[in-house]
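What follows is each chain in one-letter form.
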Amino acid sequence: TGNAPAATLASQLDRYPFRATTVNLTSSAGPTFSQEDCLTNQKLIGYGATVCVTPDGTRTFTGGWRTPDTNYDYIQMSTGAVFSDFADPEGTTVTGSLMGVDVVCSADVVAFRGLRQGGDTGCITIDDWVISFIRIDELN
C-alpha cells in the first residue's frame with residue numbers, strides 16, 4: 001500500500017450553502033421565499049452524472065444529465081483535489097451556482113446545456129435551457 005496513489009473522496013454527507021441569486025422568489029400573493037424555502041437541501045459537491053476530462057488530464061468537469069436536480073447538477077471542476085462549483089455569473093439560478101447537464105470538453109472549451117431560471121410564482125420558476133461554454137484559458 002505504500003505505493004498506492006492518493007485519492008480524493010467525495011464528501012458524501014457534507015452540505016454547502018447556496019450562493020447569492022438574482023431570481024425573484026416573491027409569490028403573486030406577496031410573500032417572499034428564501035432559497036432554503038424553495039430547495040430541499042443545501043447542495044452536495046463531488047457528484048455528477050456526466051463527466052469529461054481535458055485531453056491533457058489536468059482538469060475534470062462534472063455536470064448533470066437531462067433535467068437538472070438542484071441537489072447534484074452543478075457544473076464542477078477538479079484539478080486533482082476536491083471538486084468545487086462555479087458561481088453563476090448572471091445569478092440566474094435559484095441556487096446561485098452554475099447549473100448544467102451533458103458536460104463535454106476539449107483542450108480549450110467546456111460545453112454544456114446550462115440552466116437559466118426566472119421568477120414566476122415564488123418557488124415556481126420559468127426554466128430556460130441555453131448552450132453554455134467555459135473557456136479553459138479564462139480559469140487560470
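Refer to the structure above for everything that follows.
Residues numbered from 1 in each chain as written. Predicted model: local features only at pLDDT ≥ 70, side-chain atom pairs only at ≥ 80, totals over all residues. Heavy atoms only, no water.

Concerning the overall build of the chain
What the chain contains, in helices and strands, is 1 helix and 7 strands. N-terminal to C-terminal, the α/β element order of the chain is α-β-β-β-β-β-β-β. Taking contacts inside the chain between residues at least 6 apart in sequence as the whole, the part at least 24 apart equals 55%. Surface exposure of the chain reaches about 8,000 Å², of which carbon and sulfur atoms provide 52%. (Helix = DSSP H or I, 4+ residues; strand = E, 2+ residues; numbered from the N terminus. Contact = heavy atoms within 4.5 Å. Areas by Shrake-Rupley, 256 points an atom, 1.4 Å probe, with all protein chains shown as cover.)

Remarks on the nonpolar core
Of all hydrophobic cores here, the largest spans 11 residues; its members are Cys52, Phe61, Ile75, Met77, Phe86, Leu98, Val103, Val110, Phe112, Ile134 and Ile136. Leave out the neighbours within four places in its chain, and Met77 touches Arg59, Thr60, Phe61, Val82, Phe83, Ser84, Phe86 and Leu139. One finds Tyr74, Val94, Met99 and Leu115 within the second-largest nonpolar core, a separate group that totals 9 residues. (Core = buried A, V, L, I, M, F, W, Y, C linked by side-chain atoms within 4.5 Å. Buried < 20%, exposed > 50% of the residue type's maximum accessible area, 1.4 Å probe, protein only.)

Let's talk about the state of the cysteines
All chains considered together, the criterion is met by 2 disulfides. A disulfide bridge connects Cys38 with Cys123, and the sulfur atoms are separated by 1.9 Å. One quick way to see it: the torsion about the S-S bond of Cys38 and Cys123 is about -75°, and its sign makes the bridge left-handed. One end of the pair, Cys38, is in helix α1 (residues 35-38); the other, Cys123, is in the loop between β6 (109-121) and β7 (124-135), and 85 residues separate them in sequence. (Disulfide = S-S within 2.5 Å.)

Here's the deal with the side chain of Arg59
The residue Arg59 is located in the loop between β1 (50-53) and β2 (60-63) in this model. There is no salt bridge for the buried Arg59, and the closest opposite charge comes from Asp56, which lies 6.7 Å off by N-O distance. Not counting residues up to four positions away in its chain, the partners in contact with Arg59 are Cys52, Val53, Thr54, Met77, Ser78, Thr79, Ile136, Leu139 and Asn140. (Lys, Arg positive; Asp, Glu negative; His and termini not counted. Salt bridge = Lys/Arg side-chain N within 4 Å of Asp/Glu carboxyl O.)

Quick look at the layout of surface pockets
The space that makes up the largest pocket amounts to roughly 270 Å³. Contributing to the lining of the largest pocket are 17 residues, with Asp88, Pro89, Glu90, Leu98 and Ser132 lying nearest its centre. Of all the secondary structure elements, the ones that give two or more residues to the lining of the largest pocket are β6 and β7. The leading source of residues in the lining of the largest pocket is β7, at 5 residues. (1 Å grid on protein atoms, 1.4 Å probe; cavity = no way out; pocket = protein on both sides within 12 Å on 5 of 7 lines; lining within 4 Å. Points joined across faces, edges and corners; volume = space filled by probe spheres on them.)

Structural notes on the sheet that holds β7
The antiparallel open sheet is built from 3 strands, whose spatial order is β5-β6-β7. Two strands in the sheet have a free side with no partner beyond their single neighbour: β5 (100-105) and β7. In this sheet, neighbouring strand axes are inclined to one another by 20° on average, regardless of whether the strands run parallel or antiparallel. Of the strand pairs in this sheet, β5 and β6 are connected by 4 bridges, and their pairing is antiparallel. (Pairing = 2+ DSSP bridges. Axes fitted to C-alpha atoms, helices over the stretch in contact; angles between N-to-C directions.)

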